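Here's the letter readout for the chains.
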Amino acid sequence: MRSRTSRGAWCAAVLAAGIAVPAAAQDAAYARNLAATCFTCHGTDGRSVGGVPPGLAGQDKSQMLQTMKDFKAGKRPATVMHQQAKGYTDQQLELIAGYFASVKPGPGAAAPAAR
Amino acid sequence: MTLSRREFIKRISATAGVAAMAGCATTGNGSAGRVVVIGAGYGGATAARFVKMWAPDIDVTVVERGTGFISCPISNLVLSGNTQMANITMGYDGLRNRGVRLVRDEAVAVDAGSRQVRLAAGTTLQYDRLIVSPGIDFMYDSIPGLKSADAQNRVLHAWKAGPQTVALRKQLEAMRDGGVYVLQFPMMPYRCPPGPYERVCQVADYLKKAKPRSKIIVLDSNPDLVSKKGLFLAAWNGMYKGMIDYRPNSEIADVDVKGMTVKLQFDSVKGDVLNVVPPHRAGDIAQKAGLITANQRWCGVDWRTCESTAVPGVHVLGDATLSAPAMPKSASMANQHAKVCAAAVISLIKGQPVNQDTMMMNTCYSFVSGTSAMHVASVHRYDPAQKTIAPVKGSGGVSDKASELEATYAWGWAKNIWAEALG
């Protein structure tokens, strides 16, 4: 029977040999991770529980990207978004817009039930 | 030479055999791996939910000693009567419905060698990756007069939302008009940098309406307000003018519970209600698991994975971590740690590359009254040269002023971050 340690070492060897994960899958995970930074306020996958702050799921990609670029440039009035948008590169904003555009709009999870 | 995954599996199958390959990623029962999470607060519950959501083939078990989730954010509004405990108290049914296994017990030991967590009931849980999100515990040793349980029940911290929040509200309700409420809190880093100043606003909001002759004395260990200074001072010098006596550099030496006095190095401050928040450190289980790396208080982690720098295979989230530069100990941040950790844990279990370009964002709202709030925000990115995550230059900031609009955003933030963890 193979011990945990030797199995671990074997896995490390396999990883060192380099399992190639398709680049597209990595890009998709990166876009998802970037978008996940927005979920905190805008709801998981951009489905905002109460609609405030606004849901982002299913928005038009180019429109959303333009909005975020306008926040970043200070062209669009905001309470907080102009400060947040400045933290991302244009390339990152494009990935974020692409992610939310690909999500089906829908209601957020119901607010957790009070006990 | 790089092989595609399919090509690699084909080759390895022909040589070493499929069984060995399967040994990397599976643990039997058709599961890709086992993740155990200790603590179902903002960090732990969110990490559990996201591992399960992003990788349904991974088994996720959460160990939580409490019966439900009580939010620290918004809990200052319970002190003022601007909201009630029921509005910040939630159950774990949403997590269960998503396929996360909840074990109501307390983790008492971690054996990183055999990858096991021992529970108070005596049972053990086997893990491939362990996520520890223990929150904070208080360092009462530095305040001799508060060592006994009786003293701790009379001079409250109310810095973990729950029974202490309710008890402090009752003390404020019982205080005479013309009484003095004293809030003392520690040097940075502590949980929720703007929290004490928000608490002052909420208590002032209550006293102004119910006991207008009363006063508030703020004993801040720090040399100045550490968060949203201008915005809080605007409220204190505006709507609460004349009520608040702010005293910086007021580190605590001791508490005389019988005499209801906070003792500072050169001064003593008497009050009708004493609210003392002791210095804190990572929660007890972090200490028992050998995860504490800094000043006997905090857990160092690699910010690309939240994996402990001390114990391989164990990840630490939230307030218990040794914060990166300019990273607050906040619920927002714990939520962001949780998602970075969930993505990394899935990649590590499945033998996929881990994302190296970690981004995190923080947004913290504070209420100055029942209907007006303001924010502090920041964006952080992993810097491979510094091997830490640091604020992105030019990003972040605070509100121009507190507003009703931002109060609606603050409640929206709460509802969404709660649903992230529990929904």
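This is a predicted model, so every value here is computed, not measured.

Hey, could you run me through the overall build of chain B in this one?
For chain B, the helix and strand inventory stands at 12 helices and 26 strands. Relative to its length of 423 residues, chain B is compact, with a C-alpha radius of gyration of 23 Å against a globular reference of 22 Å. Along the first, second and third principal axes, the C-alpha atoms of chain B reach 85 × 45 × 40 Å. In chain B, buried positions account for 51% of the 423 residues. The contacts in chain B between residues at least 6 apart in sequence include a share of 69% that link residues at least 24 apart.

Any chance you could explain the sheet that holds strand E12 (residues 180-185) of chain B here in plain terms?
Residues and elements named next belong to chain B. Spatial strand order, E14-E13-E12-E18: four strands in an open sheet with parallel pairing. Across the chains shown, the open sheet's two edge strands, defined by having one partner strand only, are strand E14 (244-247) and strand E18 (273-276). Across the sheet, the axes of successive neighbouring strands diverge by a mean angle of 15°, strand direction being ignored. Here four bridges tie strand E13 (residues 215-220) to E14, and the two strands are oriented parallel to one another. Bridged to Ile 217 within E14 is Asp 245. Of the strands in this sheet, E12, E13 and E14 touch helix H8 (residues 195-210), which is tilted by about 170° from E12.

What's the story with helix H2 (residues 23-42) of chain A in this structure? I'm lost.
Structurally, the α-helix is built with 3.6 residues per turn, so residues lying three or four positions apart point the same way. Residues and elements named next belong to chain A. Between its first and last C-alpha, H2 extends 28 Å over 20 residues, near the 28 Å set by a 1.5 Å rise per residue. For H2, the principal kink sits at Ala 36 and spans about 30°. Taken as a whole, H2 has its buried residues at Asn 33, Leu 34, Ala 35, Ala 36, Thr 37, Cys 38, Phe 39, Thr 40, Cys 41 and His 42. Looking one or two residues past H2, Gly 43 carries a phi angle of roughly 90°, positive in sign.

In this structure, what is going on with the nonpolar core? I would like to understand it.
The nonpolar side chains of a soluble globular protein tend to be buried with one another. Residues and elements named next belong to chain B. Among the nonpolar cores identified, the biggest contains 150 residues, and Val 37, Ala 47, Val 51, Val 132, Ala 286, Val 316 and Cys 341 are the most heavily contacted of them. With 12 residues, the top contributor of residues to this core is helix H11 (residues 331-350). Formed jointly, this core draws a minimum of three residues from each of two domains, domain 1 (13-138 + 281-354) and domain 2 (140-279).

Honestly, helix H9 (residues 229-237) of chain B in this entry has me stumped. Any pointers?
Residue and element names in this part refer to chain B. Those residues of H9 lying buried are Leu 231, Phe 232, Ala 235 and Trp 236. Take H9 and look down its axis: the buried residues cluster within an arc of 135°, on one side only. Counted as exposed and oriented over 90 degrees from the buried face of H9: Gly 230 and Asn 237. On its buried face, H9 sits against H8, E14, strand E24 (373-383) and strand E26 (397-398).

Calculation criteria
- Residues numbered from 1 in each chain as written.
- Chains lettered and ligands numbered in written order.
- Predicted model: local features only at pLDDT ≥ 70, side-chain atom pairs only at ≥ 80, totals over all residues.
- Helix = DSSP H or I, 4+ residues; strand = E, 2+ residues; numbered from the N terminus.
- Rg over C-alpha atoms; globule rule 2.2 N^0.38 Å.
- Buried ≥ 20, exposed ≤ 12 C-beta atoms within 10 Å, placed from the backbone.
- Contact = placed C-beta atoms within 7 Å.
- Pairing = 2+ DSSP bridges.
- Axes fitted to C-alpha atoms, helices over the stretch in contact; angles between N-to-C directions.
- Expected span 1.5 Å × (residues − 1).
- Bend = angle between axes of the 7 residues up to and from the residue.
- Core = buried A, V, L, I, M, F, W, Y, C linked by C-beta atoms within 7 Å.
- Domains from an automatic or database assignment.
- Arc of directions from axis to C-beta.

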